[in-house]
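Residue-level structural notes
Here is how the chains run, residue by residue.
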Amino acid sequence: MNMLTEAAVEKALDHKMSNVPYKMIGKDVSVYYGEKRALFDVNLNIRENTVTALIGPSGCGKSTFLRSLNRMNDTIDGCRVTGKITLDTDDIYDPDIDVVELRARVGMVFQKPNPFPKTIYENVSYGPRIHGLAKSKADLDQIVETSLQRAGLWNEVKDRVHESGTGLSGGQQQRLCIARAVAVSPEVILMDEPCSALDPIATAKVEELIHELRENYTIVIVTHSMQQAARVSQRTAMFHLGNLVEENDTDKMFTNPDDPRTQDYIMGRFG
Amino acid sequence: MASTHIYSAYDDDLKFLSRRISEMGGLAEQMVAEAVRALVNGDTALAQKVISDDVILDHAEREIGDKAIVTIARRQPMAADLREIMGSIRIAADLERVGDLGKNTAKRVIAVQSTGVPRKLARGLEHLSELALVQLKEVLDVYTNRSADKANAIRERDNEIDAMYTSLFRELLTYMMEDPRNITSCTHLLFCAKNIERIGDHATNIAETIFYMATGAQPEGDRPKDDSANTVGAVTE
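Criteria and thresholds
Residues numbered from 1 in each chain as written. Chains lettered and ligands numbered in written order. Predicted model: local features only at pLDDT ≥ 70, side-chain atom pairs only at ≥ 80, totals over all residues. Helix = DSSP H or I, 4+ residues; strand = E, 2+ residues; numbered from the N terminus. Rg over C-alpha atoms; globule rule 2.2 N^0.38 Å. Buried ≥ 20, exposed ≤ 12 C-beta atoms within 10 Å, placed from the backbone. Contact = placed C-beta atoms within 7 Å. Pairing = 2+ DSSP bridges. Expected span 1.5 Å × (residues − 1). UniProt positions renumbered as here; feature names shortened; annotations may be inferred. Nonpolar A, V, L, I, M, F, W, Y, C, P; charged D, E, K, R; others polar. Axes fitted to C-alpha atoms, helices over the stretch in contact; angles between N-to-C directions. Parallel < 35°, antiparallel > 145°, perpendicular 65-115°, else oblique. Left-handed = near helix turned anticlockwise from the far one by under 90°. pLDDT = per-residue confidence, 0-100.

Quick word on the overall build of chain B
Along chain B, the regular secondary structure elements total seven helices and zero strands. Mapped from its N terminus to its C terminus, chain B presents α and β elements in the order α-α-α-α-α-α-α. For chain B, the C-alpha radius of gyration of 20 Å lies close to 18 Å, the compact-globule estimate for 237 residues. The 237 residues of chain B split such that 42% are buried.

Focus: the overall build of chain A
Helix and strand counts for chain A stand at eleven helices and ten strands. Relative to the 2.2 N^0.38 estimate, which gives 18 Å for 271 residues, the radius of gyration of chain A is 19 Å and therefore close to what a compact globule would have. In terms of principal-axis extent, the alpha carbons of chain A reach across some 60 × 55 × 35 Å. A burial count over chain A gives 45% of its 271 residues as buried. Long-range contacts, defined as pairs at least 24 residues apart, comprise 68% of the intrachain contacts of chain A with a sequence gap of at least 6.

A closer look at the pairing of strand β2 (residues 36–47) of chain A
Residues and elements named next belong to chain A. Pairing analysis gives eight bridges linking strand β1 (residues 22–33) to β2, with the strands arranged antiparallel. Across the sheet, Tyr-22 pairs through a bridge with Arg-47, a residue of β2. Counted between consecutive antiparallel strands, the loop separating β1 from β2 contains two residues, among which Gly-34 sits at a positive phi close to 60°.

Side note on helix α4 (residues 119–145) of chain B
With 27 residues, α4 of chain B extends 39 Å between its outermost C-alpha atoms, agreeing within 8% with the 39 Å of an ideal straight helix rising 1.5 Å per residue. Just downstream of α4 of chain B, Arg-146 of chain B is the residue with a positive phi angle, here 50°.

Topic: the UniProt feature "domain: ABC transporter" (unreviewed entry) in chain A
Using the residue numbers shown here, the UniProt feature "domain: ABC transporter" (unreviewed entry) corresponds to residues 24–266 of chain A. For residues 24–266 of chain A, the helix share is 37%, the strand share is 27%, and the end-to-end C-alpha distance is 26 Å.

Quick notes on the interface of chain A and chain B
Across the boundary between the two partners, chain A contributes 13 residues, which contact 13 residues of chain B. Elements with a minimum of two residues in the side of chain A that touches chain B: α9 (226–232) and α11 (260–267) of chain A. The leading source of residues in the side of chain A that touches chain B is α11 of chain A, at four residues. Residue classes in the side of chain A that touches chain B are distributed as six nonpolar, five polar and two charged.

Some thoughts on the UniProt feature "domain: PhoU" (unreviewed entry) in chain B
The UniProt record annotates "domain: PhoU" (unreviewed entry) at residues 21–109 and 125–209 of chain B. Helix makes up 94% of residues 21–109 of chain B and strand 0%, with an end-to-end C-alpha separation of 28 Å.

What to know about the packing of α4 of chain B against helix α6 (residues 158–178) of chain B
All names here are of chain B. Relative to each other, α4 and α6 sit at 165°, their axes nearing to 10 Å. What the angle tells us is that α4 and α6 run roughly antiparallel. When you trace α4 past α6, the crossing you get is left-handed. Every residue of α6 that contacts α4 at Leu-121, Gly-124, His-127, Leu-128, Leu-131, Ala-132 and Gln-135 is listed here: Glu-160, Ile-161, Met-164, Tyr-165, Leu-168 and Glu-171. Its residues assigned to classes, the contact of α4 with α6 shows eight nonpolar, three polar and two charged.

What about the pairing of β1 of chain A?
Where β1 of chain A lies against strand β4 (residues 79–87) of chain A, eight bridges are found, and the strand directions are antiparallel. Across the sheet, Ser-30 of chain A pairs through a bridge with Thr-82 of chain A, a residue of β4 of chain A.

Things to note about the sheet that holds β2 of chain A
Strand order across the open sheet formed by four strands is β2-β1-β4-β5 (chain A), with antiparallel pairing between neighbours. Edge strands, defined here as strands with exactly one partner in the open sheet, are β2 and β5 (90–91) of chain A.

Examining the environment of Ser-185 of chain A
Considering the arrangement of structural elements, one finds Ser-185 of chain A in the loop between α7 (170–183) and β7 (188–192). Put simply, Ser-185 of chain A and Asn-216 of chain A are 31 residues apart on the chain and 9.5 Å apart in space, counted from C-alpha to C-alpha.

Some remarks on the confidence of the model for chain B
In this model, chain B carries an average pLDDT of 90, and 96% of its residues clear a pLDDT of 70 or more. Per the prediction output, this complex has pTM 0.82; the corresponding ipTM is 0.72.

Describing the sheet that holds strand β9 (residues 235–240) of chain A
All names here are of chain A. Spatially, β6-β7-β8-β3-β9-β10 is the arrangement adopted by the six strands of the open sheet, whose pairing is mixed. For this open sheet the edge positions go to β6 (106–109) and β10 (243–249), each flanked by a neighbour on one side alone. On average, each strand axis in the sheet is inclined to that of its neighbour by 20°, with strand direction left out of account. Taken together, the four bridges between strand β3 (residues 51–55) and strand β8 (residues 218–222) define a ladder with parallel strand orientation. In the sheet register, Ala-53 faces β8, and the bridge partner there is Ile-221. With respect to the sheet, α7 is in contact with β6 and β7, its orientation differing from that of β6 by roughly 170°.

In structure tokens, the structure reads:
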């Protein structure tokens, strides 16, 4: 029996994340789109095996920060990133780093499900194949099955993995994209509003999945839904006008945030 | 509250809750004051009024509970708003109990009316109820302005009431020992005194809730207690 001892109470109250090590460290990160500065010296560290939610009003820089974590901003003309971001000990903006390999280590799931117009099997096997992660066909089959299982999709699609991925429902497509991201064994998964195009049931499935994936991966999620941030994350970072306003344990953030701007935003008040 | 919600209807929901709490507080205060006055003066009509007023208080508590649940379901409140709503539910429950204690005191008026209340004891009870009512009034003022400092100060003061209750307890014991015919009325008065002392505890609960609503933190340390009435008469031979 779990008695209500002092020690048990202490343990139950000890949900602080402060002892979890950092997976990624962002130091003085600034991002410019041409002349326009989108991020101002953001110092934000991402903890290992933790879901970190980035919240804030539109245009606050949260997606920009997310995309700078696997150099997706490189694909935008005139975009410039300053400061330093490390993954474990590797500076990801080091000119010697292989961006393709970086994006295998730091995978991404987008707002709208974007499966390749190919079969489910090919969607998931594409990454492992080009990265040479499978030695044989059997190996690849195994990776596809494991990835689909991890994405909670296997039972729904196991009889039709050779049918087109675009024939799935929106929620299934999004989980397919998560399976595709998981297939290359990333260390970090970035999610940019992964549920904004999904209905509540598909959203709940993806959120349940995020919760499970946390055991093996570090997850950073951008969301406009405060309730979603509160449900899925352990840490929450609030952005406003390109600045990091506050970063805290999610439990604290949604009951008693330190910064008045966070307070106004999450309570739906005029700032 | 400096800023308002983007949804003005949300502000209306919260205003409804705080207005009802203030109304409940006013009624609870009045009930306690009238119950004690009825007791001291042997006024059974006034006692009857207190008993029937309790229905209004119970109704208000249920209304606050319903409104709070609906507001949580519709608005998914966060941070200070969430604490505000949870606080309303707790404060409403405390005020409802205060009303019950007033009603219970009123019910005893008839029982003690035949013998009357000795002048000295009546003064003691009045004094005790004054302390409790001051506590209640101040805590309701603090509810209006949400001052964490003042809430903490009220919490620190509950032991005045406890001490007063202990001295009344001793006095009642003395009366009972003097003449066993006093036992019936003195026992009722003892319950009345205990009721009033309890009201002080509820005021302290409310102060703690307000502190939490304002700061998001639980007040620190144990609340001051003068529990000596619990051990009065424990003869050790």
